[in-house]
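Understanding the architecture of this molecule
For reference, the chains in residue letters:
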There are 2 protein chains.
Amino acid sequence: MSPTHIDLTETTKPTVDNCRATREILDRIADKWSLFVIAMLRDGPRRFNELRREVEGISQRMLTLTLRGLERDGLVTRTMYPTIPPRVDYELTEVAKGLLGPVMGLVMWAEENKEAITQAQKQFDEGLESGASLARTSFYQSR
Amino acid sequence: MSPTHIDLTETTKPTVDNCRATREILDRIADKWSLFVIAMLRDGPRRFNELRREVEGISQRMLTLTLRGLERDGLVTRTMYPTIPPRVDYELTEVAKGLLGPVMGLVMWAEENKEAITQAQKQFDEGLESGASLARTSFYQSR
DNA sequence: CTGCATCCTGCATGATACTG
DNA sequence: CAGTATCATGCAGGATGCAG
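Parameters at a glance
Residues numbered from 1 in each chain as written. Chains lettered and ligands numbered in written order. Predicted model: local features only at pLDDT ≥ 70, side-chain atom pairs only at ≥ 80, totals over all residues. Heavy atoms only, no water. Axes fitted to C-alpha atoms, helices over the stretch in contact; angles between N-to-C directions. Helix = DSSP H or I, 4+ residues; strand = E, 2+ residues; numbered from the N terminus. Parallel < 35°, antiparallel > 145°, perpendicular 65-115°, else oblique. Left-handed = near helix turned anticlockwise from the far one by under 90°. Contact = heavy atoms within 4.5 Å. Pairing = 2+ DSSP bridges. Near = heavy atom within 4 Å. Polar contact = N/O pair within 3.5 Å; in protein donor to acceptor, adjacent residues only side chain to side chain. Nonpolar A, V, L, I, M, F, W, Y, C, P; charged D, E, K, R; others polar. pLDDT = per-residue confidence, 0-100.

**A word on the packing of helix α3 (residues 48-55) of chain B against helix α4 (residues 60-72) of chain B**
Residue and element names in this part refer to chain B. Where α3 contacts α4, the two axes come as close as 10 Å, and the packing angle between them is 115°. One finds that α3 runs roughly perpendicular with respect to α4. The two elements α3 and α4 meet at a crossing, and its hand is right-handed. From α3, F48, L51 and R52 reach across to α4, where they touch Q60, L63, T64 and L67.

**Points about the pairing of strand β3 (residues 87-92) of chain A**
Both faces of the sheet carry side chains from a regular strand, because those side chains alternate between them. Residues and elements named next belong to chain A. Where strand β1 (residues 46-47) lies against β3, two bridges are found, and the strand directions are antiparallel. Across the sheet, the residue bridging to R47 is D89, located in β3. Where strand β2 (residues 76-81) and β3 come together, six bridges link them in antiparallel fashion. Bridging across to β3, Y81 finds its partner in R87. In textbook terms, the turn of a hairpin is the stretch between consecutive antiparallel strands, and for β2 and β3 this stretch comprises five residues.

**Here's the deal with unusual backbone geometry**
Residue and element names in this part refer to chain A. A cis amide bond links I84 with the next residue in sequence, P85, at an omega value of 0°. Considering the arrangement of structural elements, one finds P85 in the loop between β2 and β3. The phi torsion at E56 lies on the positive side, around 50°, for a residue other than glycine. The residue E56 is located in the loop between α3 (48-55) and α4 (60-72) in this model.

**Some points on the protein's contact with DNA strand C**
Neighbouring DNA strand C are 22 residues, the closest being R61 and M62 of chain A together with F48, Q60 and R78 of chain B. The contact in question runs from a base nitrogen of DNA strand C to an N or O atom on the side chain of Q60 of chain B, over 2.7 Å. At 3.0 Å from a phosphate oxygen of DNA strand C is found a side-chain nitrogen or oxygen belonging to Y90 of chain B. Among the elements that take part in the surface near DNA strand C, α4 of chain B stands out by supplying four residues, more than any other. Partitioned by chemical class, the residues of the surface near DNA strand C number ten nonpolar, six polar and six charged.

**With respect to the confidence of the model for chain A**
When pLDDT is averaged across chain A, the result is 80; 76% of the residues are at 70 or more. For the stretch residues 132-143 of chain A, pLDDT sits under 50, and the model shows 18 contacts to residues farther than four places along the chain or on other chains.

And the structure:
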């Protein structure tokens, strides 16, 4: 967290680069679940368990944590109806709706290119064995 | 990897939902570094240490791992020039260039809304103390 | 310069059980 | 239904040293 004297000289490119704040925000939403939760909320409010079912694979705990994170960032609102049984709706804020474009772009890109990617992976993994002298051996395959 | 019988019934929304493959791809690129590396490569090839400097904060190890992951996914190409000292260029593939739009969208969104977000966070955190009976107490603030 | 190999650590995530 | 509280753990990620 030390300021470390960021030098935003003229040479910096218009967008990414040094900027820490941007980094932190992206880190936040680029975690394992946030993008998906946001995507699920794209067409209107959802209840807790609705999300739980739809995001598929998320644990209750992680859904709670993710939602709280998003709420904290001002990306979703939480509305409680003190009925019995209780009901809580989560909805995207205006700020978050600006995210929806890029996020859905990612999702659609992923869907369109998933075959290409799995195939690239297969090819790459094969090349590791036959590639002999290139010797990208064991360890770094892990990822 | 077990097929697990995904039920893409008609009721599923056009995009996200059950689809595991998409999930896996997004998990891959939505990690701590990939998005940034991709963003850095947006206007042409870069050398290893160029990236290292520009991504700022990334360790050598993580850069290597990230690049190999992206290479494996067929998102970047690796070109070695066996000069002395050696030189290695990384460049986005065509597939990856499709990602560039959404990714830069995210980055720009983050930049435009960073103040709003940090402020929302501050407000949220204050509300936790004064909010008394709401009692979102200790643990779940962590995130 | 580029990048492999280890060791080590903490945090993110999961599993499970309890509450209003 | 919508959380909260704990415990357990694996893997992401950092630090460091060596190698072609």
